[in-house]
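Chains, contacts and geometry: an overview
Spelled out, the chains give:
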2 protein chains.
Amino acid sequence: MFEEVESKALSFIESRYREYIRVLGELVAVDTVSAQRSSSEMMKGAQLVSSILSNAGFRTEVKNYGGHPIVVGELGDGPITVLIYNHYDVQPPEPLELWDSNPFELVERDGKLYGRGVADNKGNIVARLAAVEALAPYLDELGVKIKWIIEGEEEIGSPTLPKAVEELRDWLKADGGFWETGYVSRKGRLIIPLGFKGMLYVEVIVRGANRDVHSGSAPLVPNPVWRLVKFLSSIKDEDGRILVDWLYDGMIDLGPEAVELLKDIDIEDLEEMKKQLGIERFNMGLEGLEALKHLYLMPSINVSGLYAGYIGKGSKTVIPSIAGAKIDIRPVPGQDPERLFKLFKKFLEEKGLGDAEVIVHGAMYPAGYTKPSEDIVKASAETAERVYGIRPQLIPLSAGSGPYYYIANYVGTPLTGAGVGHYDSRVHAPNENIRIEDFVKSMKHVALTIIEFAKMKRKTTG
Amino acid sequence: MFEEVESKALSFIESRYREYIRVLGELVAVDTVSAQRSSSEMMKGAQLVSSILSNAGFRTEVKNYGGHPIVVGELGDGPITVLIYNHYDVQPPEPLELWDSNPFELVERDGKLYGRGVADNKGNIVARLAAVEALAPYLDELGVKIKWIIEGEEEIGSPTLPKAVEELRDWLKADGGFWETGYVSRKGRLIIPLGFKGMLYVEVIVRGANRDVHSGSAPLVPNPVWRLVKFLSSIKDEDGRILVDWLYDGMIDLGPEAVELLKDIDIEDLEEMKKQLGIERFNMGLEGLEALKHLYLMPSINVSGLYAGYIGKGSKTVIPSIAGAKIDIRPVPGQDPERLFKLFKKFLEEKGLGDAEVIVHGAMYPAGYTKPSEDIVKASAETAERVYGIRPQLIPLSAGSGPYYYIANYVGTPLTGAGVGHYDSRVHAPNENIRIEDFVKSMKHVALTIIEFAKMKRKTTG
């Protein structure tokens, strides 16, 4: 039975994929920049997603938790449940002048599709749609129910997702699921992240005089820059070495299996990264497995922005009234961002900046992860090797952040990855693109993963 | 003879001062923002100044040294020579929305005159013009020749003044002279600076990757912020204490006479400054004479601007490609800014930032000063007490900077101060203003200083 479903699903995809390029074009054409559009403007995107799902047979609903609308849908009856998470919102397209075509128009060129969101994350929605439609006639036979949640605030930190997850907790519980993404490496290996770091984004503002003052008075009037730089220089040294213990508070070891996954990562990609970025070495001269451990398994702290006084062209002589730093902290599994925030504030006080203003931007969320031993991970890894012709690269924890925790750990649905992007998809940047070849492979990969997962679950449950 | 000239000059001023308000209006109406206008646009201002001087009987010339034009004029035959230095350029008027009236229109309100440049420095040009016209009929009798130089680049660091001074060195040599400014304190005392600190303005740019990078890579990709903050924190501590010896290189002691002058400064003004600026204490808790010594006699170093990465609203997670700091250094007498610049670069290297880009903005110039024992200083101090009804406050060295050195020390013309501004003139800020009362007092003060100086010179030379 499974072989026959596989063969029919693959034929469906082969013969119909261009139809899905058209659907992707419809989605790209709706401006769903969550940082710039109102919730009522975003509704247009939510409704399009909802109607695309309805046309595929899903029972859908557009939910409102006070932010941008969330679409949920269900197809099939189970008993095996597969959850899919995606987002229909996109990053701002700016700077527009660097795009070779209109970001809100899907353009096909040299085997690639260009447009804002093609890789992140509209292309993944459509590839998964194709996979599900290919399987739709056989879902009962497979015993699979698909549950799909598509939010509209991922690019702004998913502020209302926790509320939705709280309410939908039971519904979101599934035997396995797909997180939003995955992409193809330079070597052609599908990269599947099995977790994401958390996020805590703070802005520290130190004040001096109540206005900018002529810098002739510098011998007397306090300049908040000196206090800020002293504080920052106690967080990391000039070589990027972390100097604070509290950053590691509560972290748990993901175990030898995580390190085993790192050993399978193509280390040349790190060398390629250095070349692309024009840097001679990484922080502290890190290389190889040690570099990967720092990148994927350790919490990070970074200054994303720094400002004080006159930053225009040429010169102006002022003692700045304020000096500020935007700091992003990415917790790893086991760490509580609320607690890290308290420790951060305690550290500020210890360093004499108890009077500084501290603003938290966006949502604070913990890291989430899925164990590589989960069936959904095994199913997706095995089928990825068949579809991509080379074994996938499993990352125990992405270096980036996402609200993965809520579904993988708070709800408890093990998640794997699948995706249409590649190493040069320019996610969040101008000329975002995917290769049509990868688009089709991802459709196949998702379809085969669901079949394989159903097979495994049948075996284990009887 | 001197008494009669005095009395006639004072009557002239009393009866004619409103005529000079009209002249000031003409000058204010010409936009001479040196930072924004081209040299040919600035010519309009130079020509107006030149024609105002010509109308007063001056033999004038508009000179070009490659930058904004410089006006020079001469009246009388000597043998006693008095030099006047002013500038017709002004600071940008922005932010325009904070002005209560058009900055380029002279508006009279409640005994005050508002407009860009009324205090800095057009009002001083006109007050001195009134003084000179009041004395014009008696210059031969007094044996005085007035030489006037009015440049158009003071607000942008006088980049071509050194060239002009080089060429005009002999002509600029005089028995005494007036620097551009002076202003009335809260207590009504005329503040006369007897020197100005120098200027060295550098921007240090530290580079990391060749573009901003997603901060998920923070464990590996070098962030130039850490290098920059480490460097800056080695210049001053969090309490504003200078940590570098090289900043004092070459400085000479202005002697006990400088300290004596500081003792005569109204210390309440420092307390008032704290109140106005909303600060509880000065750097290192400095107070009283110690605070004045730091403010007026010590070199200063300050961060006027600091920038890296994302500085807009909210959050963005990037490892900045560059981090920069704009640093202003104000040398004191004896210090060579070129040498300080070399020491700064050596210090950068020692601190591991030898690869940083260093840009010098504007002209680099040394501090200049005049001894309080000079006749022109004595003459102006004595007449200030008569005109203002309270003895003036002589500052051995202004906390601010100016190209005073070129004339006072390179050429060797002792300089004093005189000016129309007061403690709340909002120089460089919106609603720049002067009090009409001060405008008239300054006319009288300049006229009486010239007469007094002539009297002293007659005595000493014969």
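To start, this report covers the structure provided alongside it. (Residues numbered from 1 in each chain as written. Chains lettered and ligands numbered in written order. Predicted model: local features only at pLDDT ≥ 70, side-chain atom pairs only at ≥ 80, totals over all residues.)

A closer look at the overall build of chain A
Helix and strand content of chain A: 13 helices and 22 strands. A compact globule built from 462 residues should have a C-alpha radius of gyration of about 23 Å, and chain A, at 24 Å, falls within 12% of that. In terms of principal-axis extent, the alpha carbons of chain A reach across some 80 × 45 × 45 Å. Counting contacts in chain A only where the partners sit at least 6 residues apart, residues at least 24 apart contribute 82% of the total. (Helix = DSSP H or I, 4+ residues; strand = E, 2+ residues; numbered from the N terminus. Rg over C-alpha atoms; globule rule 2.2 N^0.38 Å. Contact = placed C-beta atoms within 7 Å.)

Some thoughts on the relation of the copies chain A and chain B
Least-squares fitting of chain A to chain B yields an RMSD of 0.1 Å, with the superposition described by an axial translation of 0.1 Å and a rotation of 180°. Taken together, the rotation angle and the small translation identify this as a two-fold axis. An overlap of 100% is found between the interface residues of chain A and their copies at the interface of chain B, pointing to a shared contact surface. (Least-squares fit on C-alpha atoms with pLDDT ≥ 70 in both.)

Side note on the packing of helix α5 (residues 161-172) of chain A against helix α12 (residues 404-411) of chain A
All names here are of chain A. Two elements in contact, α5 and α12, have axes separated by 10 Å at closest approach and are oriented at 40°. Considered as vectors, α5 and α12 are oriented oblique to each other. Note that α5 runs across α12; the crossing there is right-handed. For the pair formed by α5 and α12, the contact residues are L161, P162, V165, R169 and L172 on the first element and Y406, I407, Y410 and V411 on the second. Residue composition of the contact of α5 with α12, grouped by class: eight nonpolar, no polar and one charged. (Axes fitted to C-alpha atoms, helices over the stretch in contact; angles between N-to-C directions. Parallel < 35°, antiparallel > 145°, perpendicular 65-115°, else oblique. Left-handed = near helix turned anticlockwise from the far one by under 90°. Nonpolar A, V, L, I, M, F, W, Y, C, P; charged D, E, K, R; others polar.)

A few points about the sheet that holds strand β10 (residues 195-197) of chain B
Residue and element names in this part refer to chain B. Pairing is mixed across the open sheet formed by three strands, whose spatial order is β17-β10-β19. Where the open sheet ends on each side, the last strands, each with one partner, are β17 (368-369) and β19 (398-401). When β10 meets β17, the two strands line up antiparallel, connected through two bridges. Counted as the bridge partner of G195 is Y369 from β17. (Pairing = 2+ DSSP bridges.)

Notes on the interface of chain A and chain B
Tallying the contact residues gives 61 residues for chain A and 61 residues for chain B. Looking at the side of chain A that touches chain B, the elements with two or more residues in it are β12 (213-214), α6 (224-232), α9 (288-297), β13 (300-309), β14 (318-319), β15 (322-330), β16 (357-365) and β19 (398-401) of chain A. Split by residue class, the side of chain A that touches chain B holds 29 nonpolar, 24 polar and eight charged. In this structure, β13 of chain A lies alongside strand β13 (residues 300-309) of chain B, joined through five bridges in antiparallel fashion.

Focus: the pairing of β15 of chain A
Residue and element names in this part refer to chain A. Of all the nine residues making up β15, eight are buried; the element is thus mostly covered by neighbouring parts of the structure. Bridge analysis of strand β11 (residues 199-207) against β15 gives eight bridges, and the strand direction is antiparallel. Across the sheet, the residue bridging to I205 is G324, located in β15. As paired elements, β13 and β15 share eight bridges and run antiparallel to each other. Following the sheet pairing, S300 is matched in β15 by R330. (Buried ≥ 20, exposed ≤ 12 C-beta atoms within 10 Å, placed from the backbone.)

Overview of the sheet that holds β16 of chain A
Taken together, the eight strands give an open sheet; going across it, the order is β16(A)-β11(A)-β15(A)-β13(A)-β13(B)-β15(B)-β11(B)-β16(B), and neighbouring strands pair in antiparallel fashion. Only two strands of the sheet have a single partner each, and these edge strands are β16 of chain A together with β16 (357-365) of chain B. When the angles between neighbouring strand axes are averaged without regard to direction, this sheet yields 20°. Across the sheet, helix α6 (residues 224-232) of chain B lies against β13 of chain A together with β11 (199-207), β13 and β15 (322-330) of chain B, angled at about 20° from β15 of chain B, the strand it touches most. Helix-sheet contacts for helix α10 (residues 337-350) of chain B involve β11, β15 and β16 of chain B, and the interaxial angle to β16 of chain B is about 165°.

Here's the deal with the packing of helix α1 (residues 2-28) of chain A against helix α3 (residues 122-135) of chain A
Residues and elements named next belong to chain A. Where α1 contacts α3, the axes come no closer than 9 Å and their chain directions differ by 145°. Relative to α3, the crossing made by α1 is right-handed. Counting all contacts with α1, which are made through A9, F12, I13, Y17, Y20, V23, L24, L27 and V28, the residues of α3 involved are K122, G123, I125, V126, L129, A130, A134 and L135.

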